[in-house]
Amino acid sequence: MESAKLTYAEFMQLPYDGYYYELIDGEVVRYASCYTKHQLVRGHLGTRLWQYLRDSLERCVFFAPIGILIADDLVLMPDIVVVKNELLTEYDIHGVPDIVVEILSEESRHADETTRFSAYERHGVPEYWIIDPAAESVKFYRRDANDKFQCAIELTCATGGMITSPLLPGFQEPIADIFDRVFKPAP
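Throughout what follows, the structure given in this document is the object of discussion.

What counts as what
Residues numbered from 1 in each chain as written. Predicted model: local features only at pLDDT ≥ 70, side-chain atom pairs only at ≥ 80, totals over all residues. Heavy atoms only, no water. Helix = DSSP H or I, 4+ residues; strand = E, 2+ residues; numbered from the N terminus. Rg over C-alpha atoms; globule rule 2.2 N^0.38 Å. Buried < 20%, exposed > 50% of the residue type's maximum accessible area, 1.4 Å probe, protein only. Areas by Shrake-Rupley, 256 points an atom, 1.4 Å probe, with all protein chains shown as cover. Lys, Arg positive; Asp, Glu negative; His and termini not counted. Charge placed at Lys NZ, Arg CZ, Asp CG, Glu CD. Salt bridge = Lys/Arg side-chain N within 4 Å of Asp/Glu carboxyl O. Core = buried A, V, L, I, M, F, W, Y, C linked by side-chain atoms within 4.5 Å. Contact = heavy atoms within 4.5 Å. Pairing = 2+ DSSP bridges. Axes fitted to C-alpha atoms, helices over the stretch in contact; angles between N-to-C directions. Polar contact = N/O pair within 3.5 Å; in protein donor to acceptor, adjacent residues only side chain to side chain. Expected span 1.5 Å × (residues − 1). Arc of directions from axis to C-beta.

## Overview of the overall build of the protein
Line of reasoning, step 1. Check the secondary structure of the protein and you find four helices and 13 strands.
Line of reasoning, step 2. For the protein, whose C-alpha radius of gyration is 16 Å, the value lies close to the compact-globule estimate of 16 Å for 187 residues.
Line of reasoning, step 3. Its C-alpha atoms put the protein at 50 × 45 × 35 Å along the principal axes.
Line of reasoning, step 4. Residues counted as buried form 42% of the 187 residues belonging to the protein.
Line of reasoning, step 5. Accessible surface computed for the protein: about 10200 Å², of which carbon and sulfur atoms make up 54%.
Line of reasoning, step 6. Averaging the locations of the 17 positively and 30 negatively charged side chains of the protein gives two centres separated by 5 Å.

## Structural notes on the pattern of salt bridges
Line of reasoning, step 1. This structure, assessed with the given rule, holds twelve salt bridges.
Line of reasoning, step 2. Among the salt bridges present, the one from Asp 132 reaches Arg 109, with a minimum N-O distance of 3.3 Å. Separated by 23 residues along the polypeptide, Asp 132 in strand 9 (residues 127-132) and Arg 109 in helix 3 (residues 109-122) bring together distant segments of the chain.
Line of reasoning, step 3. Between Arg 116 and Asp 112 there is a salt bridge, and its shortest N-O distance comes to 2.4 Å. In this pair, Arg 116 and Asp 112 are both assigned in helix 3, four residues apart and thus about one turn of the helix distant.
Line of reasoning, step 4. Judged by its relative accessible area of 4%, Arg 116 falls in the buried class.
Line of reasoning, step 5. A network of salt bridges, in which partner residues are shared, links Arg 59, Lys 84 and Asp 98.

## Quick look at the nonpolar core
Line of reasoning, step 1. Grouped together as the largest cluster of nonpolar side chains are 22 residues, with contacts concentrated most on Leu 74, Leu 76, Ile 93, Tyr 120, Tyr 128 and Phe 149.
Line of reasoning, step 2. Secondary-structure elements contributing two or more residues to this core are strand 4 (68-71), strand 5 (74-76), strand 6 (80-84), helix 3 and strand 9.
Line of reasoning, step 3. If we ignore the near neighbours within four places in the chain, the residues touching Leu 74 are Leu 23, Ile 24, Asp 25, Ile 68, Leu 69, Ala 119 and His 123.

## Overview of the sheet that holds strand 10 (residues 137-143)
Line of reasoning, step 1. Pairing in this open sheet of six strands is mixed, and the strands run 3-6-8-9-10-11 from one edge to the other. Each having just a single partner strand, strand 3 (59-63) and strand 11 (149-156) make up the two edges of the open sheet. Strand-to-strand twist in this sheet, taken as the mean axis angle between neighbours without regard to direction, amounts to 20°.
Line of reasoning, step 2. Against the sheet, helix 2 (residues 36-53) makes contact with strand 3, strand 6, strand 8 (99-103) and strand 9, and its axis sits at roughly 165° relative to strand 3, the strand it touches most.

## As for the side chain of Asp 132
Line of reasoning, step 1. Relative accessible area serves as the criterion here: at 13%, Asp 132 is assigned to the buried category.
Line of reasoning, step 2. Within polar-contact distance, the side chain of Asp 132 engages the backbone nitrogen of Ala 134 at 3.0 Å.
Line of reasoning, step 3. Among the polar contacts made by the side chain of Asp 132, one reaches the main-chain amide nitrogen of Ala 135 at a distance of 3.3 Å.
Line of reasoning, step 4. Beyond its immediate stretch of four places on either side in the chain, Asp 132 contacts Leu 104, Arg 109, Ser 137 and Phe 179.

## Quick word on helix 2
Line of reasoning, step 1. With 18 residues, helix 2 ought to run about 26 Å at 1.5 Å a step, and its terminal C-alpha atoms sit 25 Å apart, in line with that.
Line of reasoning, step 2. Those residues of helix 2 not exposed but buried are His 38, Val 41, Arg 42, Leu 45, Gly 46, Leu 49 and Leu 53. On an axial view of helix 2, the arc spanned by its buried residues comes to 115°, and they lie on one face.

## Focus: the pairing of strand 6
Line of reasoning, step 1. The element strand 6 is largely enclosed, with a buried count of four among its five residues.
Line of reasoning, step 2. Both strand 3 and strand 6 contribute to a ladder of five bridges, which runs antiparallel. Residue Cys 60 lies in a different strand from strand 6, and its bridge partner there is Val 83.

So, in structure tokens, the structure goes:
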């Protein structure tokens, strides 16, 4: 027997129990909290984006946990999101973000590279960045002529390079800098 699909309004009525939840095609998906490496990468890149956008009248940046209502049956909670100010509500964001950044973990890898990837592509997100802390790499997906995501560039610490975006003129962050505080915990 198939379970009933939830709407955004029903999803917002769920009790908080300390986990992160998303609504994907009407189904609730639960996630655990992030690891230290994940948090360090998110904190560094998110802070740099915040510094870049802090005086912007057009866009702002948020870090998880914040819900993004993309469709009535799709509420996602990206690690970092750059959105137009007009999409902000008191509690969350309603509409399609400009840039979505997901940071891979063992628990999120499959969803970030398939389920979320497909949802962001299907709903018109212009840019999707996937950061892999284990590989110390970033893949930048942008829309092609067929309105599908294509990997525009992949940067690694080994090859170097700058994190940039056509949507953020003048923003530059060396890829090595987002991983410079990432450490390997003692066994």
